[in-house]
Amino acid sequence: MTLLVATNITKTFGPLVAVDDVSLTIDSNEVVGLIGPNGSGKSTLLHTLCGRTLPDSGSIKLNNREIARMSPIRRARSGMAIKFQLARIYGQKTVRENLLLALQAETSLIGLLFSRTRHRFDSDIEVLLSDFGLEDFVNVKAGELSHGAQQWLEIAMAMARKPALLLLDEPTAGMSPAERQSTGELITIAAQKCGILIVEHDLGFIRSMCDRINVMHQGSIVAVGTPSEIEKDERVKEVYLTRV
Amino acid sequence: MVIKGRNAAAIAIIVAIAAASPFIFIFGNDYITGTLTRILILGLLVLSVELAWGQTGMFTLGQAVFFGVGAYSAAVVAKDYGITDVIAILSVAGFAGLIIGLLIGAFLFTGRRVSELYVALFTLALAYAAQRLATSWSAIGAANGIPGIPFPTLFGLKLDSGPILFYLALVVFAIFFFICLWVVNSQFGLTMNAIRDDEERAEFFGYRRQTIQVLVFTGTAGLAAVGGGLFAITEGFVSPSLLGIALSTSAVLWVVLGGKGTFLGPLLALAILQILDRRMQDAFPQFWPIAIGGLLLITIVFLPKGIMSIPQVLRERKSQRVLRHSAPIREDIQ
Amino acid sequence: MSNSDGPSVEPNLVVSDLTAGYAAGPVLFEVSFSVPAIGTTALVGRNGAGKTTLLRCIMGYQSITAGNVWWNEKNVTKSSPSQKVKSGIGYVPQETPVFPELTVRENLLMGLGAAPKKSRAGIDMALDIFPKLADRLTQKAGTMSGGERKMVGIARAILGQPSLLIMDEPTEGVWIGVVDEIQVRLREYAREHAILLVEQNLEFALDLASKVLVLERGEIVLQGTPEELADQEALKRFLTI
Amino acid sequence: MDASLTRSIFDVLSVTSILVLLVMGMAVIVGMMKVFNLCQGEFVLLGALTAYLTYEIFGSVLLGILLAPIMVGAFGLLLERTVIHRFYANPQGALLATFAVGLIIREGLRTTMSTQASPVPAPISSSWVIFGATLPVWRIVIMAVTVALLIVAAVILIKTSVGLRVRATLNNPELASASGVSRKWMYAWTYATGSALAGFAGAMIVPLQTLYPNLGFDNLITMFIAVMVGGLGSFAAPVVGAVAIAVPGSIMSILINPVTAQILIVLCAIVFMRLRPNGLLKSGM
Amino acid sequence: MKRKSMTVGSRGALRSVALLATVGLVLAGCSSSDTASETEAEATATQSETTEAAAEEEVDTSPIKVGVLTDLTGAFGIVGQSNQAVAQFTIDEINANGGILGRPVELVIVDSASDPAVGAQVASKLVNEDQVDVVIGGVASNMREAIKDIIATRGNTPYIWPASYEGNECTPNVWNVGAVPNQQVDPVVNRLLAEGKKTFFLTGNDYLYPRSVLAQVRKVVEAGGGEVVGEEYVPLDITDTSTLVSKVLASNADVLFEIIVLPATAPFIQGVVDGGFEGEIVGTLFDEAINGIIGTQADGLLGIQDYFATIDDTFSRDKVAEFAAAYPDEAGLFSATFNAPAWYRGLYLWKTAVEAAGTTDAAEVEKTMDSASYDALIGGPASMVPGTRHAQLTMYLGQMNADGSVTIIESLGSVVPEQCG
């Protein structure tokens, strides 16, 4: 079933066309990769998908609902979650509080004020902690976690609301191979519950994770296909695979 | 657990003040009780700045506007309408603050996100405009303000002596202090902090950032206004300086000196400065205002988290020498 | 390993036991290497290995926990980036190689030490390198595409005629045709000057380099000439997927 | 043209040129450097003080006008190297720190002054009669100097290599240092220039406003509103903002009255700032 | 982890208690010393009462306390410092002549810092902690409004308000010894009307005093057949008065009646004079202290005050010379606009009232002060007009000179205040 349909997205900054008439689809339970050299427009495309910027034109449908002009808040409430490139977690708060923050986002304000859901989410937190291997750090301040653990915490927070679509912006940036492998496993688990879009530099990681890969270059998607198809694509080789 | 500790501190403060208060009856006079009363009243203003800025990241340099709105509405109600019941006066004051706070909060925080500095300058200009307006508005006494506000009553009993007014302020302060603690320790408080630490991240979780900011801003306006109302009925006068830049920046100064992000620090800074202020002003009248500026500057430069962070700073100095474990490598990513 | 098999020129940049990191922990561990006075030295390694950090430490943008940087036999560990630039080091950063609010012409002028006297000849030189820039001189650099910005950035750095040109990913996001052009220009430049290059495009790097350093998790794990490293299994292990 | 119309037009030009003169220093520090400098008013005050002191000691206001930018610029340089440079990454801290500095200067002067206000005569006290209206020459001088200074500032910023370096540093400090510009000293000198301009403005206007401790602070809010209305990020925007505030402000105070005019201007500016947070000169994000 | 945060939490609590205890100690320290002096004072008070009752001839020699509340710092710091010197001078003189009721007089000086909120605090200190017998002071009206209830009503202590002001202050225990609008306005406006000057332009800062005075001017002008051709107010912190100057010039009025306070006074007057204004310029704030700030443009301005340095009154001249010798730093500040004559007057009128009552008791003084009168005052004799709480004053019309001095044009004699009728 098709989860996300983005059609003819265009976004310009002054004379610079960052995203040029791009279309993209993601099915539920599908892991889609988006690769391309820096400056190819993949970050801008991601930003229009998550609502950080609004596209100049084009349509984005999540579960058949038009979201292209929605605020990030409403997108989040319609089932979209994002993990940013730099882990954006609440460093001053404990891991538990971070997870609670993600879980309680849709609790009513009165409910929050009277802390009605403080313990209702305990079991969810336990599950997330064990899923993401964070049991030992539950009362540690998130800012004191290792770099990898911070990334996992953010993925856990993104997964907390059981989103339909998860956007991951460079989930393995700066990770060691071991951490990278663990991240891959986490994403595989997550993929059973939702559709995922991964924006990555690391082609190897993308290749091992994704069902389908989009290659962007100079604002356009130049190729779409399975990892093996992409590897054979001449155009992709030209723009991308000459690089390591 | 942390919460328990915080509450313990809060309870300790209230109990200590309450325990000390009989001595005020025995040894104190109206000047000393008046000073303590004023500390408690300004404490409400400090709490409101701390809630808005320290807890939610809304850098308000104009919080005295709401204090003044509360004070003026209490003065008008008590003097012109002859309503002296404390509960009625404070309700009106608080309500007036809530309305003005809601209007300004909605104007500031709905729509496009604005930066913290923008909020600061906006509220500063607001304080300027408000004092201006009060100074020119003859219906509320213009520059002279409103003097001769009658003593308040409670269930028909006249509250007309220093110690009684002190207890009134203590009770009101305690009520709102606990409400503040309760809010901050609730899940809502966690959300406030989340907005303070990373507004955008919170939005991407689906928090209605605008609603929460407007709500908190409105609440703090109401809190400051209750303080203003209390000021009007205990001091017996209001003047335009109550809603101006000077008091607004003083409130921020107390929060900075005490330590943004804590309740105890700012209240402590307020208490110490209020007690020191008169003594120092009499001892070094020419020097004291300059010293306040110097103190602020030194604090900002060398102790950005205020006096409450002194133990922490000392601890960190020590632990810095113990190098941390070799954490995972992290490239300087964009 | 030593650079005994590298070009037989005295090194003019020497990095010894450099250790650096962020609040989260150290990133570079006692890194030591030298850059010969002539020729291209390529620094390769995976994403996150610490390459950009290393360049920033050498330039002085990033504070160093321990170790030293020597430039022309002077200890420049503590000198500021601008002092280093004035003593003959050029730098092209990875992310923002241009002044976005300034025009291309002004960007290039900055490379000339912002001296209008030399401007005519100087800008001609930049246009020699990248003729494409000729009709874009009055455009604001911020409105150009990533590849064009890279070009402006490289041209700006080369105009200062540094004895050592440090470049962080000069070909990232640059169209393939331009990459060749850059390669030609850099090869030319390296005949008389030194270049220290961080590059993900291994083919490009190995083509240019007379010396290759491999950085992995904050340590130099391999170094040598491209030829030496070309058939090493280790290099593939480190760099391929 | 009759005398009162001439005077009205003259007043609008005069009020505007004074505000533009005052805002120029702020255009550098707040507009270009984006340091929210709450002691900018006190720089104006220090400039005024310099003129007053040279008048008292040497009997010459003109000397003070020449010295003020040097003295206040030096003070700004000192302040930047001791305090401000710590806060480039922390604008909130800069705001509070400069507030504290302003407080110290203001209160310091208050305790040392022996009168509530001290007059400083204009170097040129004569008047010209134009269309029957007697117009003070000093105000005309201020207009001319303001225009000249604007042109000089524009030429320096756009045409000279120093201006290029300044713009480059403020645009991308890291890359500027990679072009051999010392970031540390460029920031310091830019800040000093902003202070010097404020000091100069203070010395120029003190004959029209007399010296008193709140001289700077009373002008500060208007200056800040001008910057916010104009927009941040350039030298030109705050200047445009100053014109946009001063012209309607002075026209309103002629047509309605000064009290209402001032409140209306502040309120309009507040609303405008909210609707277009980037100011007049920049649209959108 | 749980345990750790718990200890941190409770340690925080402990720390706060400790800090609080310190604050408490500081306070206790203050209060205990205060209480000591207080109980002492109470003891002497009760003692004196009993002794008075027992043996009438025995004299109480404990000092009478006079509270001086003025703005030693802040916007009016200069005025406050002058006030403090005048108060000290007056009290020294009273003590040198045997004090009041044979008791020495002692000053308790507090700084209200030009801030009503501070004023309220220190007023409470004077009344409640120092338990003074009378309070004199305040510079601006908003200060009076902030402190009068604390002193006069809640504190039941006589309060002397020593400044010319807008009038209508009729609170019991409050005594106004400065000029009110009709005293300053009526004589001069009537004189100008009589000279044939019919058109008036009124201007002042936007607050109560200028508005009240100018309302009185309008009343007198219109009653006398004159016409008000313009009335304009400017903000207190105005920095550029040029648009106002233009309006004044455009009006071509015969008389400009202006109450623009510092710091805008000088630029405004200079602008009007240099702009070629041909009518008379009158103000209630012109005197020697302000002329120096205005400069040569002060030449020809008309001012009306209860005292000028050049009045033809040897007693006043001698007294001011004595003051100048005793306080050389403040000599130049002895002026009507700094309320110096009113401070002197207020203290002597109160002295007279206390002597008439034979006690400093507020209720008794409230009766005797109502008709207190004294002749040997700076600026001429003054007497409280019974039932009005205000004083009948000798007023002078003076013309300012370029060198800062004042030429007395007319001594207007004793003018009755129209207040609290």
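Look a little higher up for the structure.
Summarised in this report is the structure supplied together with it. (Residues numbered from 1 in each chain as written. Chains lettered and ligands numbered in written order. Predicted model: local features only at pLDDT ≥ 70, side-chain atom pairs only at ≥ 80, totals over all residues. Heavy atoms only, no water.)

Here we take up the sheet that holds strand S5 (residues 65–66) of chain A. All names here are of chain A. Read across the open sheet, the four strands follow the order S2-S1-S4-S5; overall the sheet is antiparallel. Looking at the sheet topology across the chains shown, the edges are occupied by strand S2 (16–27) and S5. Relative to S2, strand S1 (residues 2–13) is paired through eight bridges, and the arrangement is antiparallel. By the bridge assignment for S2, Leu 4 is matched with Ile 26. (Pairing = 2+ DSSP bridges. Helix = DSSP H or I, 4+ residues; strand = E, 2+ residues; numbered from the N terminus.)

What you tend to see is this: most non-glycine residues have negative phi, and most peptide bonds are trans. The omega torsion across E:Leu262 and E:Pro263 is 0°, close enough to zero to call that bond cis. With respect to the helices, strands and loops of the structure, E:Pro263 is situated in the loop between strand S8 (255–259) and helix H8 (265–274). In the Ramachandran plot, A:Asn64 falls in the positive-phi region, its phi being about 70° despite a non-glycine side chain. Phi at B:Phe155 takes a positive value of approximately 50°, unusual for a residue other than glycine. Accessibility expressed as a relative area gives 68% for B:Phe155, which makes it exposed. (Buried < 20%, exposed > 50% of the residue type's maximum accessible area, 1.4 Å probe, protein only.)

Take empty space enclosed by the protein next. Taken as a whole, this structure holds 13 cavities of 30 Å³ or more when the rule is applied. Roughly 520 Å³ of internal volume is contained in the second largest cavity. Taken together, 25 residues form the lining of the second largest cavity, with D:Val15, D:Thr222, D:Gln262, E:Thr239 and E:Asp240 sitting closest to its centre. Broken down by secondary-structure element, the contributors of at least two residues to the lining of the second largest cavity are helix H1 (3–32), helix H9 (215–230), helix H10 (236–255) and helix H11 (258–275) of chain D. (1 Å grid on protein atoms, 1.4 Å probe; cavity = no way out; pocket = protein on both sides within 12 Å on 5 of 7 lines; lining within 4 Å. Points joined across faces, edges and corners; volume = space filled by probe spheres on them.)

With that settled, consider the arrangement of the chains. Here eight pairs of chains are in contact, and chains B and E lead that list by number of contacts. There is a clear gap between chain A and chain D: no contact, and 10 Å between their nearest C-alpha atoms. Separated throughout, chain C and chain E approach each other most closely at a C-alpha pair spaced 21 Å apart. (Contact = heavy atoms within 4.5 Å.)

So, on to the packing of aromatic side chains. Summed over all chains, the structure comprises 26 aromatic pairs over all chains. With a centroid separation of 5.2 Å and 85° between ring planes, the pair formed by A:Phe84 and B:Phe204 is classed as edge-to-face. Here A:Phe84, found in the loop between strand S6 (80–83) and helix H3 (95–103), pairs with B:Phe204, found in helix H8 (residues 199–205), and the two come from separate chains. Classification of B:Phe204 as buried rests on a relative accessible area of 5%. Their ring planes at 15° and their centres at 5.0 Å tell us that E:Tyr348 and E:Tyr374 sit as a pair that is stacked. One end of the pair, E:Tyr348, is in helix H11 (residues 340–357); the other, E:Tyr374, is in strand S11 (residues 373–374), with 26 residues separating them in the sequence. On the basis of relative accessibility, which here comes to 5%, the residue E:Tyr348 falls in the buried class. Of note, A:Arg88 hangs over the ring of A:Phe84, and the distance from its end group to the ring centre comes to 4.5 Å. Directly above the aromatic system of E:Tyr233 lies the positively charged group of E:Arg211, at a separation of 4.0 Å from the ring centroid. (Phe/Tyr/Trp six-rings, centres within 6.5 Å; stacked < 30°, edge-to-face > 60°. Lys NZ or Arg CZ within 6 Å of the ring centre and 35° of its normal.)

In this section: the side chain of A:Lys11. Position of A:Lys11 among the secondary structure elements: in strand S1. Setting aside residues no more than four positions away along its own chain, A:Lys11 makes contact with A:Leu16, A:Val17, A:Ala18, A:Val19, A:Thr44, A:Thr48, A:Thr53, A:Leu54, A:Pro55 and A:Asp56.

This part takes up the pattern of salt bridges. This structure, assessed with the given rule, holds 46 salt bridges over all chains. C:Lys140 is paired through a salt bridge with C:Glu101; the nearest N and O atoms lie 3.4 Å apart. Of this pair, C:Lys140 sits in the loop between helix H4 (119–129) and helix H5 (146–159) while C:Glu101 is found in the loop between strand S6 (89–92) and helix H3 (104–111), placing the two residues 39 residues apart along the sequence. Overall, C:Glu101 belongs to the partly exposed group, its relative accessible area being 43%. Put simply, E:Glu364 and E:Lys367 hold a salt bridge, and the shortest N to O gap is 3.5 Å. (Salt bridge = Lys/Arg side-chain N within 4 Å of Asp/Glu carboxyl O.)

With that out of the way, let us pick up helix H3 (residues 64–80) of chain B. For H3(B), which comprises 17 residues, the first-to-last C-alpha distance of 23 Å matches the rise-based estimate of 24 Å (1.5 Å per residue) to within 8%. Extensive coverage of H3(B) is indicated by the burial of 14 of its 17 residues. (Expected span 1.5 Å × (residues − 1).)

With that settled, the discussion passes to the sheet that holds strand S1 (residues 64–70) of chain E. All names here are of chain E. As summarised here, the arrangement of the five strands in space is S2-S1-S3-S4-S5, forming an open sheet in which the pairing is parallel. Single-partner strands in this sheet number two, and they are strand S2 (105–111) and strand S5 (174–176). Going from strand to strand, the sheet's axes swing by 25° on average, the running direction of each strand aside. Across three bridges, strand S4 (residues 159–161) lies against S5 in parallel orientation. Bridging across to S5, Ile 160 finds its partner in Trp 175. (Axes fitted to C-alpha atoms, helices over the stretch in contact; angles between N-to-C directions.)

In this section: the environment of D:Leu215. Residue and element names in this part refer to chain D. Structurally, Leu 215 can be placed in helix H9. Linking Leu 215 and Val 271, residues 56 residues apart in sequence, is a C-alpha distance of 26 Å. Contact partners of Leu 215, with chain neighbours within four places excluded, come to Leu 45, Ala 48, Gln 209 and Thr 210.

A few words now on the environment of E:Glu145. Here E:Glu145 lies in helix H4 (residues 141–153). Judged by its relative accessible area of 10%, E:Glu145 falls in the buried class. Those residues in contact with E:Glu145 that lie beyond four places of it in its chain are B:Asn144, B:Pro147, B:Phe237 and E:Glu169. Here the side chain of E:Glu145 touches E:Arg144 through a polar contact of 3.1 Å, side chain to side chain. At 3.1 Å, the side chain of E:Glu145 forms a polar contact with the side chain of E:Lys148. (Polar contact = N/O pair within 3.5 Å; in protein donor to acceptor, adjacent residues only side chain to side chain.)

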